[in-house]
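This is what each chain is made of:
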Amino acid sequence: MEQALKQDLYQEFIKMEKDVHPIWSLGVNPIPSKTELKQAWIEKVFSVCNLLKRHPYMSGRSISEKTGLNKRQLAVAYKMIQRSNVSQDYFKSSKNRDYFNVVNHYFNYQLYTIVFFVGTNCPSRCLYCPNVKVDKNGRRRLITYNSLKGKKLSEKTLNRIFSDLTEIKDKGNNILVKISGGLEPLTNAKTMKIIIDLASQLGIRVKLFTNGLLFKDSGKRNIALAASDVRISLSTSDEKQYQNICFSDRVNPKFKHALSLLKENIKKLVRERNDLNPKCQIGFNTIVLPENHLQLVSLLELARELGIDYVDLKPDYFSNYDTVTRIAMENSIQKAQMVASHESYQNLYVNFTGSLFRNDLFWQSWPGICDAIRQSEFKLFITPFGHCSPVHYGAFPSSEASFQGKLPNYSIGEINDAQSLLDVLRHPFQLPKIDLKKLNPFELMLHLEITREEDDKAWGLPISVSPYHTRLRKDIPLDFFLILTESDPCPQESARGKREEV
Ligand code: SF4
């Protein structure tokens, strides 16, 4: 990969010289760059690539200090990385691939994600669910929104939210709607249908997150299949284990054979999808736990048998594990990776997320609080009662103290008949102080990238040279790029510290 990457960077250097060339003929006299200068550049850019791969959130100023490249030189290096497909693949195949995916979605493609928590109940009691409390006798209790006084979002209010989303879309953003929990969204199929219909009318994609147990009802299947993506939570292929993960020993008789019921539901869903909406993707959302990691391969087999499209394997973001458990889990993941790469799995996309455990990179020593307003410019969670939270945890049921107290502590405002989504975004009623250590990994990545971009902008690096904004490949700030032919990338060694600054 290293050689291929350097080769690709070299090609980009040559292409950039050509792209910049027309401006030279407008009066600036270029000095053709020498081969050895180009080689020195490639080495420097390669070292920048490696720094970003390991620390994707690092600011340009810090990279400049570590590499000796000045601001304009770093702009050229960043542009080469941005334009090089091999560099981008290098990032996306690294341990930090989740970070690069977050950046790609939210920053490069300007995705605005709005997440509706519509469910106020759930038939399941999953072990890993933040809404489930386990008492000292092992009995599981669901925390609900019951203690929260308020009116659920009305159809009129939902209509208004979508007209605000049109305004956000018209400003050049892509919109993604997610219907999720909170609690199980299929328990409120009426609201789910209104949201899916409104989104479809505007050509907005909808991802539905569900445990699938209520798909026994054909009406609910029909509603769900109008979405673009139905993601079913399933973490094992073993009936007994499914019971252990999803229910306590006092199982509701309706769900005594819950996994068999779920499999039947999925078979029907896949069959009906082929007739109703072949574009709808159906997949599993699988949390890898100490309890289920040995079942991953059989879960993939089940997914293949059921004819679904993908499996997303994720960690339980809220837990830490000892080294032995962690290694055992990593081995199981590797085995599953090997199986998934077999040609018999070519119709099943298996995605292994990168930041696998809570004690991984993105939780280490990040002091401070998150800027709730900046964060809500990318993603917003709306509770069944209209409270808007910039973070996932802030939209969960509030009858018990959570990480940082109750739901209203996270809310930036409430959407209701008198106040729209845009009113809340423009005039938040409070700025919740959310500890960075309490964010989920994707929210922390969002925060780190917001900070990185702001630092670079303040330092004087335009967004068009961000190493991650591949859609801006053709946008070359020429004042920066005249340096291509005149600059030695190793100024500290060869120019005795005469570093050029803009
Ligand atoms: S299905 Fe979802 S909401 Fe219900 S208990 Fe499990 S994780 Fe929680």
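Everything numeric here is computed off the predicted structure, so don't read it as measured data. (Residues numbered from 1 in each chain as written. Predicted model: local features only at pLDDT ≥ 70, side-chain atom pairs only at ≥ 80, totals over all residues.)

1. A closer look at the overall build of the protein
For clarity, the cut-off: Each helix corresponds to a stretch of at least 4 residues labelled H or I by DSSP, and each strand to a stretch of at least 2 residues labelled E; elements are numbered beginning at the N terminus. Counting other C-beta atoms within 10 Å of a residue's own tells you its class, since 20 or more makes it buried, 12 or fewer makes it exposed, and anything in between is partly exposed; those C-beta atoms are placed from the backbone. For the purpose of contact definition, each residue receives a C-beta atom placed from its backbone, and two residues are in contact when these atoms lie within 7 Å.
Broken down by element type, the protein carries 18 helices and 14 strands. Scored against the burial criterion, the 502 residues of the protein give a buried share of 40%. Relative to all contacts within the protein whose residues are 6 or more apart in sequence, the contacts with residues 24 or more apart total 77%.

2. With respect to the nonpolar core
Using the following cut-off: Structurally, a nonpolar core is described as a collection of buried Ala, Val, Leu, Ile, Met, Phe, Trp, Tyr and Cys residues joined by way of C-beta atoms within 7 Å. In this document the domain limits rely on a domain assignment from an automatic tool or a database.
Core analysis: the biggest nonpolar cluster contains 111 residues, and Val45, Ala77, Phe116, Val177, Ile179 and Ile382 have the highest contact counts within it. Among the elements that line this core, the one with the most residues is helix 4 (residues 71-83), at seven residues. Each of domain 1 (2-94 + 469-494) and domain 2 (110-442) contributes no fewer than three residues to this core. The residues touching valine 45, leaving out its near neighbours within four places in the chain, are Leu9, Ala77, Met80 and Ile81.

3. A few points about the site of the ligand
For clarity, the threshold we go by: In this analysis a residue is considered near a molecule or strand if the C-beta atom, reconstructed from its backbone, is found within 6 Å of that molecule or strand. In this count, Pro and Cys sit with the nonpolar residues alongside Ala, Val, Leu, Ile, Met, Phe, Trp and Tyr, while Asp, Glu, Lys and Arg are called charged and the others, Gly among them, polar.
The local shell around the ligand consists of Cys122, Ser124, Arg125, Cys126, Cys129, Asn131, Val132, Gly181, Leu183, Glu184, Asn211 and Ser233. The residue inventory of the shell around the ligand, partitioned by class, reads five nonpolar, five polar and two charged.

4. Considerations on the sheet that holds strand 8 (residues 310-315)
The cut-off we apply is this: Note: two strands are recorded as paired if DSSP finds a minimum of 2 bridges between them. To get an axis, fit a line to the C-alpha atoms, keeping to the stretch in contact for a helix; angles then go from 0 to 180 degrees between the N-to-C directions.
Strand order in the open sheet formed by ten strands is 9-8-7-6-5-4-1-11-12-13, and the pairing between neighbours is mixed. One side of each edge strand has no neighbouring strand; the edge strands of this open sheet are strand 9 (349-352) and strand 13 (413-414). One ladder, built from four bridges, connects strand 8 with strand 9; its direction is parallel. Residue valine 311 lies in a different strand from strand 9, and its bridge partner there is valine 350. Against the sheet, helix 8 (residues 189-201) touches strand 1 (111-117), strand 4 (174-180) and strand 5 (205-210), its axis set at about 165° to strand 4.

5. Quick look at unusual backbone geometry
Although it is not a glycine, glutamine 110 adopts a positive phi angle of roughly 50°. Tracing the backbone shows glutamine 110 in the loop between helix 6 (97-108) and strand 1. Take glutamine 110: there are 15 C-beta atoms within 10 Å of it, and that puts it in the partly exposed class.

6. Quick word on the pairing of strand 4
Note the cut-off: Here is how to tell: hold the view so the strands point away, follow the path from the first strand over the helix to the second, and if it runs clockwise the crossover is right-handed.
The element strand 4 is extensively covered by neighbouring structure, given that six of its seven residues are classed as buried. Pairing of strand 1 with strand 4, which is carried by seven bridges, proceeds in the parallel orientation. Looking across to strand 4, one finds that threonine 113 is bridged to leucine 176. Each parallel crossover has a hand, and for strand 4 linked through helix 8 to strand 5 it is right-handed.

7. Some details on helix 10 (residues 239-246)
Basically, it comes down to this: Along the arc lie the directions from the helix axis toward the C-beta atoms.
When helix 10 is considered as a whole, its buried residues turn out to be Tyr242, Ile245 and Cys246. Projected onto a plane normal to the axis of helix 10, the buried residues spread over an arc of 80° and lie on a single side. Where helix 10 is buried, its residues touch helix 11 (258-276).

8. Notes on the packing of helix 2 (residues 35-54) against helix 4
Basically, it comes down to this: Roughly parallel means an angle under 35 degrees; roughly antiparallel, over 145; roughly perpendicular, 65 to 115; everything else is oblique.
One way to put it is that helix 2 packs onto helix 4 with a least axis distance of 10 Å and a crossing angle of 70°. What the angle tells us is that helix 2 and helix 4 run roughly perpendicular. Here helix 2 contributes Lys44, Val45, Val48 and Cys49 to the contact with helix 4, which in turn contributes Ala77, Met80 and Ile81. Split into classes, the residues belonging to the contact of helix 2 with helix 4 amount to six nonpolar, no polar and one charged.

9. Some points on the confidence of the model for the protein
Regions with low pLDDT carry predicted coordinates that are not meant to be interpreted in detail. For the record, the criterion: What pLDDT reports is the predictor's confidence in each residue, on a scale of 0 through 100.
In this model, the protein carries a mean pLDDT of 85, and residues with pLDDT of at least 70 account for 86%. Low confidence marks residues 25-32, where pLDDT is under 50. Its contacts with residues over four positions away, or in another chain, come to seven contacts. In the model, residues 491-502 has pLDDT below 50 throughout and makes 18 contacts with residues more than four positions away in sequence or in other chains.

10. Points about helix 11
Keep this limit in mind: Helix span, expected: 1.5 Å multiplied by one less than the number of residues in the helix.
In this model, helix 11 (19 residues) spans 26 Å end to end at C-alpha, consistent with the 27 Å of a helix rising 1.5 Å per residue. By the burial criterion, the buried members of helix 11 are Ala258, Leu259, Leu262, Ile266, Leu269 and Arg273. Mapping the buried residues of helix 11 onto a view down its axis gives an arc of 85°, with all of them on the same face. Turned more than 90 degrees away from the buried face of helix 11 sit Ser260, Arg271, Asn274 and Asp275, all of them exposed.

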